[in-house]
Amino acid sequence: MYKNGKKMCFGVIIGTRAYFNSALATDVKAKVLKNLDELGYEYVILPEDATPTGSSSIETREDGLKVAAQFKENRDKIDGIIVCLPNFGFEIGIINAISDANLGVPVLVQAYDDYNDKVDLDHRRDSFCGKISVCNNLYQYGIPFSDTTLHTYDIDDPLVKADIAKFAGVCRVVNGLRHCRLGQIGTRPLGFNTCRASEKLLQRSGITVVPADLSELIFAAEAIADNDPALIEKMESIRAYAAVPANYDEKLPLVAKFAVAVEKWIVANEVDAVAIQCWDSLEQNYGCAACVAMSMLSDKLIPSACETDIAGAVSMLALTLASEHASALMDWNNNFANDREKCVCTHCGNFPRGFVGNDDLKLAPLGVLGRTLGKVRTFGAVLAKVSEGDFTYFRISTDDPKGCIKAYLGEGKITNDPYGMDGCIAVTEVPNLQKLMKHICRNGFEHHVAACRGLVKDILQDAIENYLGWDLYVHE
C-alpha cells in the first residue's frame, strides 16, 4: 500500500574505521543487504570501490560527502536511512553523509556484537562504543533517529530483520503523515462538537485537508446513469462484500452511486484518507447511509471516518500505515457486565471487513437514525461482530488552547464475548481501562478511537516521539 504500490527503499551506510579489519564490514554488508532483499525492500548504497576502505564502507568526511551526493540523487526514492556499524565506525563520515544529504527521513542505527573469544586486533569490533558516538553526533546535529531492540546484537540474530521491518513501519507512518491529503466531505454535524479539529495545526505536521461540500457529492451521485458500467461493477462488489437483504435490493443502486461518486472524488483529489458527513444530512437529503461505501474504502486501505471526524481519519491513517491493514473508527461506547477492563466499542456500521476479521457482514438500515428518519432512508449500514484477537488503538486530537497535536496509544484484545446490539460491535479488553478513561476525559479527547488488528504500538510510539513531535500518552 506504500506510495501507490512502490517498494520501500533505504539508503544504507556502512561505517568503518581504518585500523579495524575490513572483512568485518564486508560480512555485515552482505548480511544486511540479504535481509533487505528477503523483506522485499530496495536500497541505495555506495559501490564497493567508491572509498579507500572498500566494502561500500565509509570513514572520512570525503567518504560521507560521496554518500550524501548519492542520496541526493535518489531523494525521491529513499524512505529511510539505515546506519550499520560493523565496528566502531567513524562518526565524521556518517554524520556528514546524513546531514549533507538532508533528506529529512527517519534514521536507524544498528551495531553488532563482539565475541568474548575474538577480541584480538583482527576480530574486535568495538561497535558497542561506536554506536554511542554516532548517536551523540546525531543528537548534536538535531537529527532524530530510531534505536534497535538491543544496543548491539549478533548479525544473525532474528531481531536484526525484525528491527528493519519495524523501522519500515516507522518510515511509512512518518513519511505518509507528513505528506498526506485528507478529504473532508461535508461539514461537521451540528450535534458533534467533539469532531472539531484545527486544519492549521494539522498543516504544521504536513497534513493537508481537502474539503468538499456534501451537496457536490450528492449531485455527482445523482448524475450517474443506471447503466453506467462503474455503477454496475460497484453493485456487484457490494453484493460480494456483504449480504444484501432481498427487501432492500432496490436501494442498492442509490448506495452504490454514492460510493462511486466518493471514489471518483478521492482519485481526482489524490486523497489518502477521508472524513464524511454521514450523519444525518445524507440520509435526509439523499436517502441512504454512507456506511458500506466507507467500510469498503477502509478495506482498500483508504481510511474513511464517520461524522466528518478529521482527526479520527488521521488516526486511522496512522494505524493503516503502521500495520498495512485496514483500520476502523469506533466509539468507546458501553461498559461490559461487571468487568471494568472491558468496553464495548461500536459504530453504526462502518467497520471494514479486514478489521472485522470474518466474512459475516450484512447490510441493513441504521439502528438509531432508522427509528427517527425511517428505515427506508437509512439503508446501507454494515452489521458485523468483530472476531477476537490483538488490536492497537490510537487517537490524535488538535488541542487549540495548547497549540499542539496530542495523542494516546495502547494495545489490547478483542474478545469473543457476545453482545446484543446492532451495528458493528467489538468487545474489547484493555488493561487498566479505568485509568485510560480518566486520561481521555481529563485531557479532552473525543469519544471516537481508531483501531487496527495486530500490535503496532512500538511503531507508532517511535514515529510520534522521535519524528512527529506530538504530545503522546502511551497507556500501559
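Described in the following lines is the structure provided in the data block. Not measured: the values here are computed from a predicted model. (Residues numbered from 1 in each chain as written. Predicted model: local features only at pLDDT ≥ 70, side-chain atom pairs only at ≥ 80, totals over all residues. Heavy atoms only, no water.)

1. Regarding the state of the cysteines
Under the defined criterion, the tally for this structure stands at zero disulfides. Free cysteine: Cys345, not disulfide-bonded; nearest cysteine sulfur from Cys343 at 4.1 Å. Here Cys345 falls in the buried class, since its relative accessible area comes to 0%. (Disulfide = S-S within 2.5 Å. Buried < 20%, exposed > 50% of the residue type's maximum accessible area, 1.4 Å probe, protein only.)

2. Side note on the side chain of Gln110
Here Gln110 lies in strand β5 (residues 107-111). For Gln110, a relative accessible area of 0% gives the class buried. Within the structure, Gln110 has its side chain in polar contact with the side chain of Tyr153 (distance 3.2 Å). Dropping the residues within four chain positions of it, Gln110 is found in contact with Val32, Ile82, Val83, Cys84, Leu85, Thr148, Tyr153, Val160, Asp163 and Ile164. (Helix = DSSP H or I, 4+ residues; strand = E, 2+ residues; numbered from the N terminus. Polar contact = N/O pair within 3.5 Å; in protein donor to acceptor, adjacent residues only side chain to side chain. Contact = heavy atoms within 4.5 Å.)

3. Observations concerning helix α4 (residues 127-140)
The α-helix winds at 3.6 residues per turn, so residues separated by three or four positions along the chain end up facing the same way. Relative to the 20 Å expected for 14 residues at 1.5 Å per residue, α4 spans 19 Å between its end C-alpha atoms, a close match to the ideal helical length. What α4 keeps buried is the set Ser127, Gly130, Lys131, Ser133, Val134, Cys135, Asn137 and Leu138. Structurally, α4 contributes buried residues whose contacts are with β4 (80-85), α3 (91-101) and β5. Positive phi shows up at Gly142, right after α4, with a value of about 70°. (Expected span 1.5 Å × (residues − 1).)

4. Observations regarding unusual backbone geometry
Cis geometry marks the peptide bond from Trp279 to Asp280, where omega comes out at -15°. Relative to the helices and strands, Asp280 resides in the loop between β8 (273-276) and α10 (281-285). A positive phi angle, near 65°, is found at Leu301, a position not held by glycine. Topologically, Leu301 is positioned in the loop between α11 (291-299) and β9 (304-305). Judged by its relative accessible area of 22%, Leu301 is partly exposed.

5. Topic: the packing of helix α5 (residues 158-178) against helix α16 (residues 457-468)
Packing of α5 against α16 brings their axes to within 9 Å, and their N-to-C directions diverge by 55°. Here α16 runs oblique to α5, going by the angle between their axes. Judged by the twist between their axes, the crossing of α5 over α16 is right-handed. Contacts from Lys166, Phe167, Gly169, Val170, Val173, Val174, Leu177 and Arg178 of α5 reach α16 at Asp458, Ile459, Leu460, Asp462, Ala463, Tyr467 and Leu468. A class-by-class count of the residues in the contact of α5 with α16 yields 10 nonpolar, one polar and four charged. (Axes fitted to C-alpha atoms, helices over the stretch in contact; angles between N-to-C directions. Parallel < 35°, antiparallel > 145°, perpendicular 65-115°, else oblique. Left-handed = near helix turned anticlockwise from the far one by under 90°. Nonpolar A, V, L, I, M, F, W, Y, C, P; charged D, E, K, R; others polar.)

6. Here we look at the packing of aromatic side chains
In this structure the tally under the stated criterion is 12 aromatic pairs. Geometrically, the ring pair formed by Phe336 and Tyr419 is tilted, given 6.1 Å between the ring centres and 40° between the ring planes. Here Phe336 is found in strand β10 (residues 327-336), whereas its partner Tyr419 is found in the loop between β15 (404-414) and β16 (424-429), with 83 residues between them in sequence. Connected via pairs of aromatic rings, a cluster forms that spans Trp332, Phe391, Tyr393, Tyr408 and Phe445. We note Lys406 situated over the ring of Phe445; from NZ or CZ to the ring centre the distance is 5.1 Å. Note that Arg453 overlies the ring of Phe355, its terminal NZ or CZ placed 6.0 Å from the centroid. (Phe/Tyr/Trp six-rings, centres within 6.5 Å; stacked < 30°, edge-to-face > 60°. Lys NZ or Arg CZ within 6 Å of the ring centre and 35° of its normal.)

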